[in-house]
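Structural features, examined
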Amino acid sequence: MEFNNSPVKRRGEVIKAIKGTRDILPPESAVWSQVESVAREVLHLYGFSEIRTPVFEGTELFARGVGEDTDIVSKEMYTFGDRNSRSLTLRPEGTAPVVRAFIEHQLHRDSQILKLYYMGPMFRRERPQKGRSRQFHQLGVEVLGSDHPAIEAEVIELLQLLLSRLEIRETELLVNSIGCNCCRPQFLRELQAELAMKKTQLCQDCNRRSETNPLRVLDCKVKSCQSVIESLPSIVEFLDDACRQHFDQFLGYLQSRDIDFRVVPRLVRGLDYYMRTTFEIVSPGLGAQNTLVGGGRYDGLAELLGGDATKGFGFALGLERIILLCQQDGYTPGMIPPQLFLAPLGERAFNKATLMAREFRHQEIHCFLDFVPRTLKSSMRLANRLDAEYLLIIGDDELRSGKYPLKRMRDGAQILVIEAEVRSRLRSIWED
Ligand code: HAM
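Computed from a predicted structure; not experimentally measured.

1. So, the layout of surface pockets
Considering only enclosed or pocket space, the second largest pocket measures out at about 520 Å³ in volume. Per-element tally for the lining of the second largest pocket: the top contributor is strand 3 (residues 79-81), with three residues. Residues belonging to the lining of the second largest pocket are distributed by class as follows: seven nonpolar, four polar and three charged.

2. Section: helix 1 (residues 28-45)
Over its 18 residues, helix 1 extends 26 Å from the first C-alpha to the last, a length consistent with the 26 Å expected when each residue adds 1.5 Å. All of the buried residues in helix 1 are Glu28, Val31, Trp32, Val35, Val38, Ala39, Val42 and Leu43. In an axial view of helix 1, the angular spread of the buried residues amounts to 135°, which keeps them on one side of the axis. Buried residues along helix 1 sit against strand 5 (114-123), strand 6 (135-144), helix 5 (149-165) and helix 11 (319-328). A positive phi of about 80° marks glycine 47, the residue just after helix 1.

3. Some points on the pairing of strand 16 (residues 414-418)
By the bridge criterion, five bridges tie strand 15 (residues 403-408) to strand 16 in an arrangement that is antiparallel. From the neighbouring strand, lysine 407 faces strand 16, where its bridge partner is glutamine 414.

4. Overview of the packing of helix 1 against helix 11
A pair of packed helices is captured by two measures, namely the crossing angle of their axes and the spacing between those axes. Viewed as axis vectors pointing N to C, helix 1 and helix 11 meet at an angle of 110°, and their least axial separation amounts to 10 Å. Our classification of the angle between helix 1 and helix 11 gives roughly perpendicular. Crossing angle aside, the handedness with which helix 1 passes helix 11 is right-handed. Residues Glu28, Val31, Trp32 and Val35 of helix 1 form the contact with helix 11, whose own contacting residues are Leu319, Glu320, Ile322, Ile323, Cys326 and Gln327. Taken together, the residues that form the contact of helix 1 with helix 11 break down as seven nonpolar, one polar and two charged.

5. Topic: the nonpolar core
Of all hydrophobic cores here, the largest spans 50 residues; its most connected members are Leu139, Leu254, Phe279, Phe315, Leu317 and Ile322. Considering each element in turn, this core owes the most residues, eight residues, to helix 5. Excluding its chain neighbours within four sequence positions, the residues that come into contact with leucine 254 are Ala153, Ile156, Leu173, Val175, Ile259 and Phe261. In this structure, Leu61, Met122, Leu218 and Tyr298 belong to the second largest nonpolar core, which totals 44 residues.

6. Some points on the pairing of strand 10 (residues 291-297)
Most of strand 10 is tucked away, with six of its seven residues classed as buried. As defined by bridge partners, strand 9 (residues 275-282) adjoins strand 10 across six bridges and the pair is classed as antiparallel. Bridge pairing in strand 10 links methionine 275 to arginine 297.

7. Quick notes on the site of the ligand
Lining the immediate environment of the ligand, one finds 26 residues, of which Glu93, Glu126, Glu142, Arg269 and Tyr274 sit closest. Between the ligand and the protein, one listed contact pairs an oxygen atom with a side-chain N or O atom of arginine 269 at 2.8 Å. Backbone polar atom of threonine 291 to an oxygen atom of the ligand: 3.0 Å apart, as the coordinates give it. Where the shell around the ligand is concerned, the elements lending two or more residues are strand 6, strand 10 and strand 11 (312-318). No other element matches strand 10, which puts six residues into the shell around the ligand.

8. Some thoughts on the domain arrangement of the chain
Domain annotation of the chain identifies domain 1 (28-183 + 239-328) and domain 2 (340-425). With centres defined by C-alpha atoms, the gap from domain 1 to domain 2 works out at 50 Å.

9. A few points about the sheet that holds strand 16
The sheet built from five strands is open, its strands ordered 13-12-14-15-16 with mixed pairing. Unpaired on one side and paired on the other, strand 13 (367-369) and strand 16 mark the two borders of the sheet. The sheet shows a mean angle of 30° between the axes of neighbouring strands, taken without regard to direction. In the sheet, strand 12 (residues 340-344) pairs with strand 13 via three bridges, with the strands oriented parallel.

10. Focus on the sheet that holds strand 11
Here we have eight strands laid out as an open sheet, ordered 1-5-6-11-10-9-7-8, and mixed in their pairing. In the strand order of this sheet, the two ends are held by strand 1 (49-50) and strand 8 (262-263), each with one partner. In terms of strand pairing, strand 10 meets strand 11 through five bridges, oriented antiparallel. Considered in strand 11, the bridge of glycine 294 is made with alanine 316. On the sheet, helix 5 packs against strand 5, strand 6, strand 7 (172-177), strand 9, strand 10 and strand 11 and is oriented at approximately 20° with respect to strand 11. Sitting on the sheet, helix 9 (residues 241-256) touches strand 7, strand 8, strand 9 and strand 10, and the angle it makes with strand 7 is about 160°.

11. Some remarks on helix 13 (residues 376-385)
Within the span of helix 13, buried status applies to Ser378, Ser379, Leu382 and Ala383. The buried residues of helix 13 occupy an angular sector of 140° when the element is viewed end-on, so they sit on one face. Turned more than 90 degrees from where helix 13 packs its buried face, Lys377, Arg381 and Arg385 sit exposed. Those residues of helix 13 hidden inside the fold are in contact with strand 12, strand 13 and strand 14 (390-394).

How each quantity is defined
- Residues numbered from 1 in each chain as written.
- Predicted model: local features only at pLDDT ≥ 70, side-chain atom pairs only at ≥ 80, totals over all residues.
- Heavy atoms only, no water.
- 1 Å grid on protein atoms, 1.4 Å probe; cavity = no way out; pocket = protein on both sides within 12 Å on 5 of 7 lines; lining within 4 Å.
- Points joined across faces, edges and corners; volume = space filled by probe spheres on them.
- Helix = DSSP H or I, 4+ residues; strand = E, 2+ residues; numbered from the N terminus.
- Nonpolar A, V, L, I, M, F, W, Y, C, P; charged D, E, K, R; others polar.
- Expected span 1.5 Å × (residues − 1).
- Buried < 20%, exposed > 50% of the residue type's maximum accessible area, 1.4 Å probe, protein only.
- Arc of directions from axis to C-beta.
- Contact = heavy atoms within 4.5 Å.
- Pairing = 2+ DSSP bridges.
- Axes fitted to C-alpha atoms, helices over the stretch in contact; angles between N-to-C directions.
- Parallel < 35°, antiparallel > 145°, perpendicular 65-115°, else oblique.
- Left-handed = near helix turned anticlockwise from the far one by under 90°.
- Core = buried A, V, L, I, M, F, W, Y, C linked by side-chain atoms within 4.5 Å.
- Near = heavy atom within 4 Å.
- Polar contact = N/O pair within 3.5 Å; in protein donor to acceptor, adjacent residues only side chain to side chain.
- Domains from an automatic or database assignment.

Listed below in structure tokens is the structure:
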């Protein structure tokens, strides 16, 4: 196989991250940890357990599960041959892998729903821009084993709680039903007939899709296609009684929870496994890539992947996009400042300080020890920069006497302490 860039760079040449991927550095990584821990709290509250699937799978999983004609499968997957020429793909999404694992490990239990969540990197070869990258991270939720519309509303309720705990306010919930295998074919026939009459007004992609997967045309973002798309028949008019009832009940459950929504009949989503309920949460704060969350029902997916018929509903939330919103709202936790800065003066003191650091950390004291020799003045400067609360001076005299000056950085107040009392003195030190 020929590569565009020789993988062996010249010695000394700077090696950079691949286009569309990026490093998450401190202090931004602290925002990620915070978002992930808030998410876990909410997910556990709603009875979800974590599942971790591999980042690569056999290509056929996505071809069959997500659909050959979707943009994701036809244009965006990172697919490569294994050494035995098996085709593998870096996962572009998490639902098909979760359903694969569900079938493989026979996770179904009699009449019990299974609530799973995952967080991790996904890969799509899209044009990178704000809020869109080639390696991105999703928090996903999949509920397997129920087609009750109340579970759909409960999942959206969970999402709302998560967004409110993250203090993300300006969002809108868009909902739709795309029917099922009984009622959708009639809609697709009508849609195809309309599209055939409007061929010349549509872009190339739409013309191709109107033959292979006409529902995808509704999802087209090309400006010149929008007026045609507006004039097309709406799927909600074609829902059969069972789908109509399901959708009405779902909307009723949202209303009874005081959850605002807007029904958008053109909301079809870019993955083929959906049926009945689909939804998105969008946020104007995100710009062009304004979809924060996408999800829906996928009752036929397990069968498509060779398993027993299993109902499924879920969503995935783009973590990069959530982080963008958190940062726009001014949420920027810095480094966690050390409680205690150790300032050794000389080599013997440094050796003692390394052991003290171990002891203090065992006592749950967040302490900082630098590994370059410093004067007291330079230690004070660094402790200030790190916003350390206290500084402990360890010099030859102190080693001899076993008594160490403990300085409060805020006002310079100082007392002498022995090592064993440092922990208790940190809090009570200057309380009279
Ligand atoms: P999706 O709409 O393809 O759905 O992706 C869900 C979310 O992932 C998007 O709303 C967006 O926030 C984020 N996302 C997607 N692509 C990118 C990208 N290139 N860069 C940054 N963020 C991105 C799914 O993946 C389905 N598996 C969701 C689902 C779960 N449906 C049912 N269960």
